[in-house]
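Listed below, chain by chain, are the residues.
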Amino acid sequence: MPPSVTDAAIALQAFPDGNALARALAQAVADDLRAALAERGAATLALSGGNTPKRFLQALSAQRLDWPKVIVTLVDERWVPEDSPRSNAALLRANLLRDEAAAAQFLPLHRDADQPEAALDALETVLEPLLPLDVAVLGMGSDGHTASFFPGGDRLAEALAPASTALVLPMRAPGAGEPRMTLTLPVLLAARRRYLHIEGGEKRRVLEQALAPAGAALPVRAVLQAVPAPLPVYWCP
């Protein structure tokens, strides 16, 4: 029998629309970053790609922060160059890393290599000094994937292994399209603050399924099982 997951694993915050959600999540993340800056003089932030976070990223870019001391990276990335419309790095540059937020330091997960395996050592080297992350904002697909933890992923078990020492791993899966590079579950769990950002009725139903015994095969369930405190979930219809 799979480990149990209950509604207590999440702290659901529902908003009337995407704009209200974006403002609230941007405020929460900015407050976390300010706390990190005050305590340690620097802050690290890992963000997700896709279409859902655009408004949130735009709202976050308007927050008044000591942006030059903020290091931004991605939770995962498609293995495509930055001039591809599929690039998460391009998404961040267009929606977050602009105006004053353009001064943030950006660490992309894509490198100039044909396959993600060729970039593993270089990425581990630059990521390790930045850990633990101060904030990680996760998304979720309608198939229950989060980060690049896809159903049927070729290295899914390795990426979700609680005792894994890998910081990043390549991932290939039927629903992933391109090969991916993803932070591993231990890296996400070690973040000082984590959020899950989802929108729409379908994703709300997928989340509810992941909380139920029938959702044992959904990768996001592994995150819900392992988080040390209720995971803040920001949702709107």
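Everything below is about the structure shown above.
Residues numbered from 1 in each chain as written. Predicted model: local features only at pLDDT ≥ 70, side-chain atom pairs only at ≥ 80, totals over all residues. Heavy atoms only, no water.

A. Broad picture of the pairing of strand β10 (residues 231–236). Most of β10 sits inside the fold, with 6 of its 6 residues counted as buried. The alternating pattern of β10 places Leu-231, Val-233 and Trp-235 on one face and Pro-232, Tyr-234 and Cys-236 on the opposite face, and all of these are buried. Here strand β1 (residues 10–14) pairs with β10 via 5 bridges, running parallel. Directly across from Ile-10, in β10, lies its bridge partner Leu-231. Bridge count for strand β9 (residues 193–199) against β10 is 4 bridges, and the pairing is parallel. (Buried < 20%, exposed > 50% of the residue type's maximum accessible area, 1.4 Å probe, protein only. Helix = DSSP H or I, 4+ residues; strand = E, 2+ residues; numbered from the N terminus. Pairing = 2+ DSSP bridges.)

B. Structural context of helix α4 (residues 120–127). Within the span of α4, buried status applies to Leu-120, Leu-123 and Leu-127. Projection of α4 onto a plane perpendicular to its axis shows the buried side chains occupying an angular sector of 70 degrees, all on one side. Exposed residues lying more than 90 degrees from the buried face of α4 are Asp-121 and Thr-125. Tucked inside the fold, the buried residues of α4 contact β5 (105–107), β7 (168–171) and β8 (180–183). (Arc of directions from axis to C-beta. Contact = heavy atoms within 4.5 Å.)

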